[in-house]
Amino acid sequence: MQTISIRTGHPYEVLVGRSILPECGAAVAKVVAPCAAAIVTDDTVDALYGASIEASLRRAGFSVSRIVFPHGEASKNLQTLAQVLESLAQAGLTRSDLIVALGGGVVGDLAGFAAAVYLRGIRFVQIPTTLLAMIDSSVGGKTAVDLEAGKNLAGAFWQPELVLCDTALLSTLPLNYRLDGLGEMIKYGMGFDASLLSMLRSGEWERDPEALVARCVAIKEAVVSADERDNAVRQKLNLGHTAAHAIERCSGFSITHGRAVATGTALVTRACVRRGELPAEALALLEETLDRCGLEKRCHFSAAALAQAAMHDKKRRGNRITLILPDAVGSCRLSPIAVEELESFFADGL
Ligand code: NAD
Ligand code: GLY
């Protein structure tokens, strides 16, 4: 098992291992003395893992309730949040008690936000069950729900007490969601760690998923501990995301986020190569990695459609938008651009 220490204002550890969840209760009890614990999860994850997590927490001395909502992004809203908060109150959770967020990014974001606001803030533990949640959403303290006006528009920074990543859970994860996680992993490789990209290209992912998950968590740790509140360097985690959000929107959201991030990262890398800002080898390495992981290198939407879709991007500030672009394999930079220039930039990346 690997342990990564997260050095945010409220520090905590991320444990990454295989088949560690049967003993999760004991691991949680090391950081939170046994108390009342509410497992917040979705119906799919509850059916797969809810009972065993509850049993493990009970063995460690916690009294446990379970709060279950329907799976999917459609549940990540104020209505579900209100239901979860009411259920926490009905279960009698007090300020010294605990929420256990068991699930993918939807559960982690919603349960984390519930933890941030219930009784003005109680402790929570993240048990991520998707690859994306293990390497990204469970670490760094961003919690949120969606509003009618857009994704993640109501939220809080609220760090957990512990994150437990058990890669054995990925065996039940459908392929599409696995690809979402791999898309984000490739982003970490291209933007922060050339050797991670090489490992993904050589198939290391299949051989040693724990090592790669731990590596991604360590990258995220370095970024969020330098800029917990997302004022500067943390924005680099959005490499390829402006193009990705546009691709998602143009596809009517049939292309999911992580897969769009993979294609968006290829698009901006290709544009940088065509503009003479990057050597062609950088794109070749990225494209070979995308092929190896079964991810799309190219999108089939026009530059005009992508530029139009990018106008909805939350990162737009008036007439300008900050793109995150690779400046070498394993390194990236913030690059503000006028929105009128987006179409020709995207055209270079198609
Ligand atoms: P998700 O939480 O919707 O999970 C995907 C699906 O897989 C769900 O239907 C879920 O029930 C199912 N599932 C989860 N684990 C499973 C398992 N082990 N076996 C079988 N099925 C399983 O999606 P996601 O991709 O994990 O998360 C996406 C969300 O994460 C978005 O809302 C996004 O905004 C958010 N996010 C947050 C951050 C952050 O920093 N807070 C970062 C990235 C993404
Ligand atoms: N997923 C982006 C961030 O945590 O900042």
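### Quick notes on the side chain of Glu161
Relative to the helices and strands, Glu161 resides in the loop between β8 (150-157) and β9 (162-166). Of the side chains bearing the opposite charge, Arg123 lies closest to the buried Glu161, which forms no salt bridge; the N-O distance is 5.5 Å. Beyond its immediate stretch of four places on either side in the chain, Glu161 contacts His10, Tyr12, Glu13, Val31, Val32, Arg123, Phe124 and Val125.

### Observations concerning the sheet that holds strand β10 (residues 316-317)
One open sheet holds the 3 strands; their spatial order is β10-β11-β12, and the pairing between them is antiparallel. Looking along the sheet, the strands with just one partner apiece sit at the ends: β10 and β12 (331-338). As paired strands, β10 and strand β11 (residues 320-328) are joined by 2 bridges and run antiparallel to one another. Paired with Arg317 across the two strands is Arg320, which belongs to β11. Of the strands in this sheet, β11 and β12 are in contact with helix α6 (residues 175-192), which crosses β12 at around 90 degrees.

### So, the environment of Ala133
Along the chain, the position of Ala133 falls in helix α5 (residues 131-137). For Ala133, a relative accessible area of 1% corresponds to the buried category. Spatially, the C-alpha atom of Ala133 lies 11 Å from that of Leu170, the residues being 37 residues apart in sequence. Once residues within four sequence positions are removed from consideration, Ala133 is found in contact with Gly103, Gly104, Gly105, Pro128 and Ser138.

### Here's the deal with the site of ligand 2
In the region of ligand 2, the neighbouring residues are Asp136, Lys142, Lys220, Arg234 and Leu237. Interatomic distance of 3.0 Å between a side-chain N/O atom of Asp136 and a nitrogen atom of ligand 2. Contact distances for ligand 2 include 2.6 Å between an oxygen atom and a side-chain N or O atom of Lys220. Relative to its unbound accessible area of 200 Å², ligand 2 is 84% covered by the protein chains.

### Focus: the nonpolar core
If you look at the biggest cluster of nonpolar residues, it comprises 71 residues, and the most contacted ones within it are Val14, Leu131, Leu182, Met185, Trp205, Val213 and Phe346. Non-local contacts of Val213, meaning those with residues more than four positions away in its chain, are made with Val16, Leu131, Met134, Ile135, Thr167, Met185 and Trp205.

### Quick notes on the environment of Ala222
Mapped onto the elements, Ala222 comes out in helix α9 (residues 209-226). Given the relative accessible area of 41%, Ala222 is considered partly exposed. For Ala222 and Val32, which are 190 residues apart along the polypeptide, the C-alpha to C-alpha distance reads 25 Å.

### Points about the packing of α6 against helix α7 (residues 194-201)
α7 packs onto α6 with a crossing angle of 140 degrees between their chain directions and a minimal axis gap of 6 Å. Overall, the two elements α6 and α7 adopt an arrangement that is oblique. Contacts from Leu182, Met185, Ile186, Tyr188, Gly189, Met190 and Phe192 in α6 reach Ala194, Leu196, Leu197 and Leu200 in α7. The residue inventory of the contact of α6 with α7, partitioned by class, reads 10 nonpolar, 1 polar and no charged.

### Remarks on the packing of aromatic side chains
This structure, assessed with the given rule, holds 2 aromatic pairs. With centroids separated by 6.4 Å and ring planes inclined at 55 degrees, the aromatic side chains of Tyr188 and Phe192 adopt a geometry described as tilted. Linking Tyr188 with Phe192, this pair stays in helix α6, spanning 4 residues, or about one helical turn. Residue class for Phe192 comes out partly exposed when judged on its relative accessible area of 23%. A cation over a ring is seen here: Lys187 above Tyr188, with NZ or CZ 4.6 Å from the ring centre.

### Examining the site of ligand 1
Taken together, 26 residues form the shell around ligand 1, and within it Asp42, Glu73, Thr129, Thr130 and Thr172 come nearest. Here an oxygen atom of ligand 1 sits 2.8 Å away from a polar atom, N or O, in the side chain of Lys76. Here an oxygen atom of ligand 1 sits 2.6 Å away from a polar atom, N or O, in the side chain of Thr130. Broken down by secondary-structure element, the contributors of at least two residues to the shell around ligand 1 are α2 (43-59), α4 (105-117), α5 and β8.

Cut-offs and rules
- Residues numbered from 1 in each chain as written.
- Chains lettered and ligands numbered in written order.
- Predicted model: local features only at pLDDT ≥ 70, side-chain atom pairs only at ≥ 80, totals over all residues.
- Heavy atoms only, no water.
- Helix = DSSP H or I, 4+ residues; strand = E, 2+ residues; numbered from the N terminus.
- Buried < 20%, exposed > 50% of the residue type's maximum accessible area, 1.4 Å probe, protein only.
- Lys, Arg positive; Asp, Glu negative; His and termini not counted.
- Salt bridge = Lys/Arg side-chain N within 4 Å of Asp/Glu carboxyl O.
- Contact = heavy atoms within 4.5 Å.
- Pairing = 2+ DSSP bridges.
- Axes fitted to C-alpha atoms, helices over the stretch in contact; angles between N-to-C directions.
- Near = heavy atom within 4 Å.
- Polar contact = N/O pair within 3.5 Å; in protein donor to acceptor, adjacent residues only side chain to side chain.
- Areas by Shrake-Rupley, 256 points an atom, 1.4 Å probe, with all protein chains shown as cover.
- Core = buried A, V, L, I, M, F, W, Y, C linked by side-chain atoms within 4.5 Å.
- Parallel < 35°, antiparallel > 145°, perpendicular 65-115°, else oblique.
- Nonpolar A, V, L, I, M, F, W, Y, C, P; charged D, E, K, R; others polar.
- Phe/Tyr/Trp six-rings, centres within 6.5 Å; stacked < 30°, edge-to-face > 60°.
- Lys NZ or Arg CZ within 6 Å of the ring centre and 35° of its normal.

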